[in-house]
Amino acid sequence: DVKVTQSSRYLVKRTGEKVFLECVQDMDHENMFWYRQDPGLGLRLIYFSYDVKMKEKGDIPEGYSVSREKKERFSLILESASTNQTSMYLCASSTTGGSSTEAFFGQGTRLTVV
Amino acid sequence: EDQVTQSPEALRLQEGESSSLNCSYTVSGLRGLFWYRQDPGKGPEFLFTLYSAGEEKEKERLKATLTKKESFLHITAPKPEDSATYLCAALASGGSYIPTFGRGTSLIVHP
């Protein structure tokens, strides 16, 4: 089974802190994604990576950065956390090769910024 | 611009009352249409991928179908444990591998 693992289920951070959210996938997938999900707004793409060290901005990249130093690991960084970044964060991965192009998600990280 | 619209936003059913969820999509060439189930506080769980019009896939009480403009998720004789949010996403052919997601249908099945 495909497994996407996010480092924390719940996090509470203070305003202004630098926050790291880690994601690891075990299927050798080329593509990795970070989304945030808020009630009524659906899934919004923050960043996308299609290869090691490669990244593309999504719909809402402001206030976030990412790092992909190894193929299996994709990190989301909140440079200076703010209360409006309180949300559910979801990591996903998918492959480019073959016919199976569906994305698989991690269990989510509920981040609260106080 | 690629778009995916799901309807209804919310659906309440009695146990055993069959119904369908709709996913309308507009993409420049469809590479794949995906359905997910999401329980509260958890990440979406992959259900099905459909690739071409006329294709159908089934899993327990769920059946997904695809036309050139829409996909339907049919739920037959639902049970309370089918209560969840169902998400649909479309992936366009060519270029980026970023899927476009709908906002989901929240399904509640009453016993």
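These notes cover the structure that comes with them. Here the structure is a predicted model, which is why all the values come from computation and not from measurement.

So, the packing of aromatic side chains
Piece 1. All chains considered together, the criterion is met by 11 aromatic pairs over all chains.
Piece 2. Measuring from centroid to centroid gives 5.5 Å for Phe104(A) and Phe46(B), while their planes differ by 65°, and the two rings are edge-to-face. With Phe104(A) in strand E10 (residues 104-105) and Phe46(B) in strand E5 (residues 45-50), this residue pair bridges two chains.
Piece 3. Residue classification places Phe46(B) among the partly exposed positions, given a relative accessible area of 22%.
Piece 4. Among the aromatic residues, those joined into a cluster by ring pairs are Phe33(A), Tyr35(A), Phe48(A), Tyr50(A), Phe104(A), Phe105(A), Tyr36(B), Phe46(B) and Phe101(B).

Looking at the state of the cysteines
Piece 1. For the structure shown, the criterion picks out two disulfides over all chains.
Piece 2. There is a disulfide in this structure between Cys23(A) and Cys91(A), and the S-S distance comes to 1.9 Å. Note on the Cys23(A) and Cys91(A) pair: the S-S dihedral is about -80°, so by sign convention the disulfide is left-handed. In this pair, Cys23(A) is assigned in strand E3 (residues 19-25) and Cys91(A) in strand E9 (residues 87-94), connecting sequence segments 68 residues apart. The two residues Cys23(A) and Cys91(A) agree in class, both being buried.
Piece 3. A sulfur-sulfur separation of 1.8 Å characterises the disulfide bridge that pairs Cys23(B) with Cys88(B).

Section: the sheet that holds strand E1 (residues 3-7) of chain B
All names here are of chain B.
Piece 1. Taken together, five strands build an open sheet; the order of strands is E1-E3-E8-E7-E6 and the sheet is antiparallel. Edge positions in the sheet fall to E1 and strand E6 (56-59), since each of these pairs with one other strand and no more. Here the strands of the sheet are splayed against their neighbours by 15° on average, with no regard to which way each runs.
Piece 2. Strand direction decides the pairing type here: E6 and strand E7 (residues 62-66), joined by four bridges, are antiparallel. Within E7, the position partnered with Glu56 by the bridge is Thr65.

Things to note about the nonpolar core
Piece 1. Ranked by size, the top nonpolar core spans 24 residues in total, and within it Leu33(B), Trp35(B), Leu73(B) and Tyr86(B) carry the most contacts.
Piece 2. At the level of secondary structure, the elements contributing two or more residues to this core comprise strand E2 (10-14), strand E3 (19-26), strand E4 (30-38), E5, E7, strand E8 (70-75), strand E9 (84-92) and strand E11 (105-110) of chain B.
Piece 3. Looking at which element gives the most residues to this core, the answer is E9(B), with five residues.
Piece 4. Among all residues touching Leu33(B), those that are not within four sequence positions of it are Cys23(B), Tyr25(B), Phe48(B), Thr49(B), Leu50(B), Leu66(B), Ser71(B), Cys88(B), Ala89(B) and Ala90(B).
Piece 5. Counting 20 residues, the second largest nonpolar core, distinct from the first, contains Leu21(A), Met32(A), Leu78(A) and Ala81(A).

Concerning the sheet that holds strand E7 (residues 64-70) of chain A
One key point about sheets: their strands pair by backbone hydrogen bonds, in either a parallel or an antiparallel sense.
Residues and elements named next belong to chain A.
Piece 1. Strand order in the open sheet formed by four strands is E1-E3-E8-E7, with antiparallel pairing between adjacent strands. In this open sheet, the two edge strands, each paired with only one partner strand, are strand E1 (4-6) and E7. Pairwise comparison of adjacent strand axes, ignoring direction, gives a mean angle of 20° for this sheet.
Piece 2. For E7 and strand E8 (residues 73-78), the ladder comprises five bridges, and the chain directions are antiparallel. Residue pairing for E8: Lys70 is matched across the bridge by Arg73.

Examining the interface of chain B and chain A
Often the size quoted for an interface is simply the accessible area lost on bringing the parts together.
Piece 1. The partner chain A presents 24 residues to the 19 residues of chain B that form the contact.
Piece 2. Surface buried jointly by chain B and chain A totals about 1700 Å² across both partners, of which 60% is contributed by carbon and sulfur atoms.
Piece 3. A per-residue breakdown of the area chain B buries against chain A is headed by Tyr97(B), Ile98(B) and Arg103(B), which together make up 31% of the total.
Piece 4. Run the count over chain B and chain A and you get zero salt bridges.
Piece 5. Joining chain B to chain A, the criterion identifies seven residue pairs in polar contact (both at pLDDT 80 or more).
Piece 6. Breaking the side of chain B that touches chain A down by element, the ones donating at least two residues are E4, E5 and E9 of chain B.
Piece 7. The greatest single-element share of the side of chain B that touches chain A, amounting to four residues, is contributed by E4(B).
Piece 8. Looking at the side of chain B that touches chain A residue by residue, the class counts come to 11 nonpolar, five polar and three charged.

Definitions and cut-offs
Residues numbered from 1 in each chain as written. Chains lettered and ligands numbered in written order. Predicted model: local features only at pLDDT ≥ 70, side-chain atom pairs only at ≥ 80, totals over all residues. Heavy atoms only, no water. Phe/Tyr/Trp six-rings, centres within 6.5 Å; stacked < 30°, edge-to-face > 60°. Helix = DSSP H or I, 4+ residues; strand = E, 2+ residues; numbered from the N terminus. Buried < 20%, exposed > 50% of the residue type's maximum accessible area, 1.4 Å probe, protein only. Disulfide = S-S within 2.5 Å. Pairing = 2+ DSSP bridges. Axes fitted to C-alpha atoms, helices over the stretch in contact; angles between N-to-C directions. Core = buried A, V, L, I, M, F, W, Y, C linked by side-chain atoms within 4.5 Å. Contact = heavy atoms within 4.5 Å. Buried area = accessible area lost by both parts, 1.4 Å probe. Salt bridge = Lys/Arg side-chain N within 4 Å of Asp/Glu carboxyl O. Polar contact = N/O pair within 3.5 Å; in protein donor to acceptor, adjacent residues only side chain to side chain. Nonpolar A, V, L, I, M, F, W, Y, C, P; charged D, E, K, R; others polar.

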